[in-house]
Amino acid sequence: MLPELDVLLRVAMSLTRNSADAEDLVQDTLLRAYGAVERFDGRYPRAWLLTIMRNAQVNRVRRRRPELLRDPEAGDRILESQTPHDSAEQDALRDAFDAAVEEALEALPDKFKRVVRLVDLDGLSYQEAADVLGVPIGTVMSRLHRARHRIRGRLGDTGLLEGGPR
Amino acid sequence: MKLFRRGSVADRPLSCRQVGQILQSFLDSELDEVTADKVAEHLEDCRRCGMAADVYLEIKASLGRDAPAVPEESLSRLEEFARRLTTGEERET
């Protein structure tokens, strides 16, 4: 079985907000997975691994101080490079828009933020996000939808929606 | 998510309210094909819903750009760790 390590690492970074902790969490997940592989039915390996990761993370948080998870500065936050053909004006608009979206995201309650990160940043499906968080899929949907609605509302307040990147 | 059965209400166009309820699932490709086609049709025709969808798409794209890059060194170490696990070396150390 070849686990999707890049997906696991990305999700772990969303959960821990720190690249060193994320690496440890993936290692922990792999160890648990290989220990339990005989009980795995072979279906949905990604969902299986994400559920294991969730349990591993719950155990880690229980052992450690919670403020490590709340540190928004932790982890590498490298923005992807922009498309090379954009004009300087478009670049500036996009930067302003991205900064406002990020600010709106950070202003959300943690439980909303976590769902947005898993779906929009890590590219998980609703079911996969539900597996990671240990909540029903309906909860993922409602949190995600309310989070995006709030982000949109906040962007509207800044007037940036008119000049968003096209 | 399947909201409509073929041959029943699936033949009717969606209202703005219905689209609003499933727009996020549409943008996340979480709808079945029949429903997704109907939402897409509505967004083509309805300027208000179409603009709302555009805004949410831009927010989604922006969040995607905000994703931290996966650290290559971490990934390499984890690949090596996984390899050692599968070959039994890791459990011995």
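See the structure above.
Residues numbered from 1 in each chain as written. Chains lettered and ligands numbered in written order. Predicted model: local features only at pLDDT ≥ 70, side-chain atom pairs only at ≥ 80, totals over all residues. Heavy atoms only, no water.

Caption draft 1: Just the interface of chain B and chain A, in detail. On the chain A side, the residues contacting the 31 residues of chain B number 41 residues. Regarding the contact of chain B and chain A, the summed buried area is about 3600 Å², with carbon and sulfur atoms giving 63% of it. Considering only the side of chain B, the residues that lose the most area to chain A are Leu63(B), Arg65(B) and Leu78(B), jointly responsible for 18% of the buried surface there. If you look at where chain B meets chain A, you find four salt bridges. The salt bridge partner of Arg65(B) is Asp98(A), with a shortest N-O separation of 2.7 Å. Run the count over chain B and chain A and you get 10 residue pairs in polar contact (both at pLDDT 80 or more). Residues of the side of chain B that touches chain A, tallied by class, amount to 16 nonpolar, six polar and nine charged. (Contact = heavy atoms within 4.5 Å. Buried area = accessible area lost by both parts, 1.4 Å probe. Salt bridge = Lys/Arg side-chain N within 4 Å of Asp/Glu carboxyl O. Polar contact = N/O pair within 3.5 Å; in protein donor to acceptor, adjacent residues only side chain to side chain. Nonpolar A, V, L, I, M, F, W, Y, C, P; charged D, E, K, R; others polar.)

Caption draft 2: Here's a closer look at the environment of Ile151(A). The residue Ile151(A) is located in helix H8 (residues 137-158) in this model. Taking the C-alpha atoms as reference points, Ile151(A) and Ala100(A), 51 residues apart in sequence, are found 9.0 Å from one another. Discounting chain neighbours no more than four positions away, the residues touching Ile151(A) are Val101(A), Ala104(A), Leu105(A), Leu108(A), Ile59(B) and Leu63(B). (Helix = DSSP H or I, 4+ residues; strand = E, 2+ residues; numbered from the N terminus.)

Caption draft 3: Structural context of the packing of helix H1 (residues 16-27) of chain B against helix H3 (residues 47-65) of chain B. Residue and element names in this part refer to chain B. Remark: H1 packs on H3, axes separated minimally by 11 Å, with the N-to-C direction vectors making an angle of 20°. Considering their axes alone, H1 and H3 lie roughly parallel with respect to each other. In terms of crossing hand, the pair formed by H1 and H3 is right-handed. Each of Cys16, Leu23, Gln24 and Leu27 in H1 lies in contact with H3, whose residues at this interface are Cys49, Ala53, Tyr56, Leu57 and Lys60. In terms of residue class, the contact of H1 with H3 is made up of seven nonpolar, one polar and one charged. (Axes fitted to C-alpha atoms, helices over the stretch in contact; angles between N-to-C directions. Parallel < 35°, antiparallel > 145°, perpendicular 65-115°, else oblique. Left-handed = near helix turned anticlockwise from the far one by under 90°.)

Caption draft 4: Seen up close, the layout of surface pockets. Here the largest pocket is characterised by a volume of approximately 390 Å³. Together, 17 residues line the largest pocket, and Arg152(A), Gly20(B), Leu23(B), Ala52(B) and Tyr56(B) are the ones closest to its centre. Elements supplying a minimum of two residues to the lining of the largest pocket: H8 of chain A together with H1 and H3 of chain B. When residues of the lining of the largest pocket are assigned to their parent elements, the largest contribution, eight residues, is made by H1(B). (1 Å grid on protein atoms, 1.4 Å probe; cavity = no way out; pocket = protein on both sides within 12 Å on 5 of 7 lines; lining within 4 Å. Points joined across faces, edges and corners; volume = space filled by probe spheres on them.)

Caption draft 5: Local environment of the pattern of salt bridges. Residue and element names in this part refer to chain A. If you walk through the whole model with that rule in mind, you get 15 salt bridges over all chains. Between Arg46 and Glu4 there is a salt bridge, and its shortest N-O distance comes to 3.2 Å. Highlighted residues: Arg46 in helix H3 (residues 45-63) and Glu4 in the segment before helix H1 (5-16), separated in sequence by 42 residues. Among the salt bridges present, the one from Asp41 reaches Arg43, with a minimum N-O distance of 3.6 Å. In this pair, the class of Asp41 matches that of Arg43, namely exposed. Where salt bridges share partners, they join Glu106, Asp110, Lys113 and Arg117 into one cluster. (Buried < 20%, exposed > 50% of the residue type's maximum accessible area, 1.4 Å probe, protein only.)

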